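Structural description and commentary
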Amino acid sequence: MDVPSVTVPSVDEPSVDERADRVQLVLDAFTAMAGEDDEEGALERAVDVARLATRSLLGAAVLVGPGGVTHLVHAGMTTSQVARLPGPPQGHGVLGAVLAGELVRTADLRTHPSAGAVPEGHVPMRAFLGVPVQVEEGAEVLGAFYLAKPPRHPAHTGADEALVTALARQCAQVVVRVRDARRVRELAARLEVAERVRAAALAQMTTDVDPVEAVDRLLEVAREQLRMPFAALVRVDEDAQVVERSSGEAPVPALRRDVALGGPTPCRRVLAEGRGVVADLVGDPSGRVALAAPAGLAAYAGAPVLVRGRAHGTLCTASDRQVALTRSDASVLEVLADLAGRQLARLEDDAAVRTRREEALAPLLAPGGLRVVLQPVVDLVADRVVGVEALARFPGRGQGPDRVFAAAADVGLGTALELAAVDAATALLDRLPAHLHLAVNAGPALVTEPGLLERLAGLPPGRVVVEVTEHEDLADHPGLPAALAALRAAGARVALDDVGAGYAGLRSVADLSPDVIKADASLVRGLPESPARRSLVRALVALAADLGADLVAEGVETPAELAELRRLGVRLAQGFLLGRPAPLEELRLSRPRRAAPRPGPSAPR
């Protein structure tokens, strides 16, 4: 087997001068390693010096971390020899023993209890010196130095052991320093990232969250950052200060409630200063006089809150126990106060938008402000119109009805607009033929309003159907069943609209037991081609029969859909095919005569 040739140091005992040179070599290595900022560089330098100083043929060194070997270097070995090594030494044989903290010095490696076979092709080894890399004896083992000599070379001496131990400990010092520096850099990087994330989250919180909720969160942050039990947003007027929002328990009554201002207060002082103020009222009693702080207050911090440059009040924190506060705490509070001012500006903007929307919607709430169109509901068996659904329209708005109702709901006028639509629809009841019912739409909020019952109580019994629309979860309105019972007692019938879409499901049908079930247009669309939709409609037919309710299919647009509904046993329907929504004056209430079907077998399904 070919073994690459290596240069073997002389086997002669070193002279005094040589020993001095070796010591100097180690000292030079100490100096060089002191400036190292790289673990592997220090390791390579140390093991190379150790090999030369001990006149060893081979040298190797490893560093370990929590996950195992992190660095592995060799000296005096060729690339092919290194490639034939069995892998990292941790936990294996004599090398593993050194990593476990054992210092091994032996004239014949084969005699060591932990020795294993030398890898095939490896340079023969006899004398061996293994030294743990640790700052001091008994300290954490950071790695190991391994030095070996071939047969017939003198064993390592006690002086060799001392030199290599000194190198190992110097290397350990470098490793600790480098790792500590790296940890500090990583920690700083994490803190920087965390601060960026925190700042971004805070900015997002104050733009995406409701302004009032954002102010509440800012007060919580103020308490946390300044280590105070109480924080508040205080509006300062000419003759009073008003606690608009607060977090925690106020330590003194003056901060717990609105108070009339007969003189200076801490909040007024802060506004006069025009910047963040912190005060240790125990360690610096003069601050109590300067701030006009009430008795019982031990620490106070406040910062002015400006809304578009206009003084609004303060964001303040307070404690009845001493808290060490610094100028940096005042700076933190100034940032939070600035964010609070931005939220108050958002509230002003929201109020202005609300006012504009209310003004835009006001004409719709007045009598004659909206238009009602009617869509026929057809009995498919008798082929005649049996009722109409009233639908609100808003000419000149440039928006569909759903968007107008949503805009009204956003400013708290949704129920009022729905009630105006009910009034406009029921005003047409006397002009409709007596055999037709009139269906009006009402959301759960309107159904539970006394105003709807008052409107319908005096109308002819059985003429009005209240279609409960489910643009919101019915479970959010626990008073709905009782309100529907009152409407029924007043002579109205109850329909559940859009069953099969949105919140409208079988649970609502079971909970409300409506007189009419209206299948959503999404179930009718594509009905002839969809076995799943046919099964759902068939199930609704059976459910309506069990409940004694009428089933109305909405959104019928094609003859094929109409034919399929008839085949499935649906008796009532509405849609563009049967009649488009139109003003009462233009409504066709009579049905064209339908041609008799040709005799023949039914198409297979």
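Sequence order as written defines the numbering, with residues in each chain counted from 1. Since the coordinates come from a predicted model, pLDDT governs what is reported: local features require at least 70, and pairs of side-chain atoms require 80 or more to be given and counted, while whole-chain, interface and lining totals use all residues. For the side-chain quantities, the full set of heavy atoms in the structure was used; hydrogens and water were omitted.

Some details on the sheet that holds strand 4 (residues 128-133)
Rule in force here: Following DSSP output, two strands are said to pair if at least two bridges run between them. A run of DSSP states H or I qualifies as a helix once it reaches four residues; a run of E qualifies as a strand once it reaches two. Both are numbered from the N-terminal end. Axis definition: a line fitted to C-alpha atoms, limited for helices to the stretch in contact. Angles are taken between N-to-C directions and run from 0 to 180 degrees.
A sheet is described by the order of its strands in space; here five strands give the open sequence 2-1-5-4-3, paired in antiparallel fashion. Two strands in the sheet have a free side with no partner beyond their single neighbour: strand 2 (68-75) and strand 3 (104-106). Here the average twist between neighbouring strands, direction ignored, is 15 degrees.

Some thoughts on a negative patch on the surface
Operational definition: A patch consists of residues exposed above 30% relative accessible area that lack any salt bridge, with like charges linked at up to 9 Å and nonpolar side chains (Val, Leu, Ile, Met, Phe, Trp, Tyr) linked at up to 5 Å. Surface accessibility follows the Shrake-Rupley procedure with a 1.4 Å probe radius. Residue values consider only the protein chains on display as shielding. Within this document, salt bridges are pairs made up of a side-chain nitrogen of Lys or Arg and a carboxyl oxygen of Asp or Glu, the two lying within 4 Å of each other. The charge count treats Lys and Arg as positive and Asp and Glu as negative. His and the chain ends do not count. Each charge is placed at NZ for Lys, CZ for Arg, CG for Asp and CD for Glu.
A cluster of like negative charges, contributed by Asp37, Asp38, Glu40 and Glu44, occupies part of the molecular surface. Looking at the secondary structure, you find glutamate 44 in helix 2 (residues 39-53).

Section: the packing of aromatic side chains
The test is simple: Note on aromatic contacts: the rings of Phe and Tyr and the six-membered ring of Trp form a pair at centre separations within 6.5 Å, being stacked when their planes are under 30 degrees apart, edge-to-face when over 60 apart, and tilted otherwise. The rule is short: NZ of Lys or CZ of Arg within 6 Å of the ring centre and within 35 degrees of the ring normal puts a charge over the ring.
For the structure on display, the rule yields two aromatic pairs. Ring centres of phenylalanine 394 and phenylalanine 405 lie 5.5 Å apart, and the angle between their planes is 75 degrees; on these two criteria the pair is classed as edge-to-face. Remark: phenylalanine 405 occurs in helix 11 (residues 401-410) and phenylalanine 394 occurs in the loop between strand 13 (384-393) and helix 11; sequence separation between them is eleven residues. Sitting over the face of the ring of phenylalanine 576, arginine 580 holds its NZ or CZ atom 4.1 Å from the ring centroid.

Notes on the packing of helix 6 (residues 211-226) against helix 10 (residues 327-365)
Quick reminder of the rule: Every angle not falling under 35 degrees, over 145, or within 65 to 115 is termed oblique; those three ranges are roughly parallel, roughly antiparallel and roughly perpendicular. It only takes one pair of heavy atoms within 4.5 Å for two residues to be counted as in contact. Under the convention adopted here, Pro, Cys and the residues Ala, Val, Leu, Ile, Met, Phe, Trp and Tyr are nonpolar, Asp, Glu, Lys and Arg are charged, and Gly plus all remaining residues are polar.
Interhelical geometry of helix 6 versus helix 10 gives an angle of 175 degrees and a closest axis separation of 9 Å. Here helix 10 runs roughly antiparallel to helix 6, going by the angle between their axes. Here Pro211, Val212, Ala214, Val215, Leu218, Val221, Ala222, Gln225 and Leu226 of helix 6 lie close against helix 10, whose contacting residues are Asp329, Val332, Leu333, Leu336, Leu339, Ala340, Gln343, Arg346, Leu347 and Asp350. A class-by-class count of the residues in the contact of helix 6 with helix 10 yields 14 nonpolar, two polar and three charged.

Overview of the nonpolar core
One broad trend across soluble globular proteins is that nonpolar side chains are buried collectively. Put simply, the rule reads: Buried Ala, Val, Leu, Ile, Met, Phe, Trp, Tyr and Cys residues that are joined via side-chain atoms within 4.5 Å together make up what is termed a nonpolar core. Throughout, exposure labels follow a simple rule: accessible area from a 1.4 Å probe, protein chains only, divided by the maximum for the residue type, with under 20% read as buried, over 50% as exposed, and the rest as partly exposed.
In terms of nonpolar packing, the biggest core is built from 69 residues, with Leu374, Leu438, Val447, Leu452, Leu456, Val466 and Leu565 touching the most fellow members. Looking at which element gives the most residues to this core, the answer is helix 12 (residues 414-426), with six residues. By size, the runner-up hydrophobic cluster in this structure holds 24 residues, among which are Ala301, Leu315, Ala340 and Leu344.

Topic: the packing of helix 18 (residues 531-547) against helix 19 (residues 559-568)
Stated formally: Definitions for this section: a left-handed crossing has its near helix turned counterclockwise from the far helix by less than a right angle. A right-handed crossing has that turn clockwise.
Running from amino to carboxyl end, helix 18 crosses helix 19 at an angle of 45 degrees, the nearest separation of the two axes being 10 Å. With respect to helix 19, the axis of helix 18 lies oblique. The crossing of helix 18 and helix 19 is right-handed. From helix 18, Arg534, Val537, Arg538 and Val541 reach across to helix 19, where they touch Glu564, Leu565, Arg567 and Leu568. Counted by class, the contact of helix 18 with helix 19 contains four nonpolar, no polar and four charged residues.

Let's talk about the pattern of salt bridges
Scanning the model with the defined rule gives 27 salt bridges in all. Here glutamate 389 makes a salt bridge to lysine 518, at a shortest N to O gap of 3.1 Å. Note that glutamate 389 is positioned in strand 13 and lysine 518 in strand 17 (residues 516-519), a separation of 129 residues in sequence. Judged by its relative accessible area of 2%, lysine 518 falls in the buried class. Here the salt bridges share partners, and the residues they tie into one network are Arg308, Arg310, Glu348 and Asp349.

Some details on the side chain of threonine 426
Note on placement: threonine 426 falls in helix 12. Residues in contact with threonine 426, not counting those within four places in the same chain, are Leu438, Leu456 and Leu459.

Describing the sheet that holds strand 14 (residues 437-442)
Around the barrel, which closes on itself, the eight strands sit in the order 12-13-14-15-16-17-18-19 with mixed pairing between neighbours. Examined bridge by bridge, strand 12 (residues 371-379) and strand 13 share nine bridges and lie antiparallel to one another. Paired with valine 372 across the bridge in strand 13 is alanine 392. Of the strands in this sheet, strand 12, strand 13 and strand 14 are in contact with helix 12, which crosses strand 14 at around 170 degrees.

With respect to helix 12
The test is simple: By definition here, a helix of n residues has an expected span of 1.5 Å times n minus one.
For helix 12, built from 13 residues, the straight-helix expectation of 18 Å at 1.5 Å per residue is met to within 8% by its first-to-last C-alpha distance of 19 Å. Residues Gly414, Leu417, Glu418, Leu419, Ala420, Ala421, Val422, Ala425 and Thr426 constitute the buried set of helix 12.

Here we look at the environment of arginine 525
With respect to the helices and strands, the residue arginine 525 is situated in the loop between helix 17 (521-524) and helix 18. If we skip the residues at most four places from it in the chain, arginine 525 touches Arg533 and Glu561.

Considering the confidence of the model for the protein chain
Any residue range with low pLDDT should be treated as having predicted coordinates unsuitable for detailed reading. Short version of the rule: The quantity known as pLDDT measures the predictor's confidence residue by residue, on a range of 0 to 100.
Averaged over all residues, the pLDDT of the protein chain equals 81, while 79% of them reach at least 70. Per-element averaging of pLDDT across the protein chain places helix 1 (residues 16-34) at the bottom with 58 and strand 19 (residues 572-573) at the top with 96. Low confidence marks residues 1-11, where pLDDT is under 50. Its contacts with residues over four positions away, or in another chain, come to 24 contacts. Note on residues 595-605: pLDDT is under 50 here. Beyond four places in sequence and across chains, it has three contacts.

Description of the pairing of strand 10 (residues 299-307)
For strand 10, the buried fraction is high: eight of the nine residues fall into the buried class. Two elements, strand 9 (residues 277-280) and strand 10, share four bridges in a ladder whose sense is antiparallel. When the bridges of strand 10 are listed, aspartate 280 appears paired with alanine 299. Bridge analysis of strand 10 against strand 11 (residues 310-319) gives nine bridges, and the strand direction is antiparallel.

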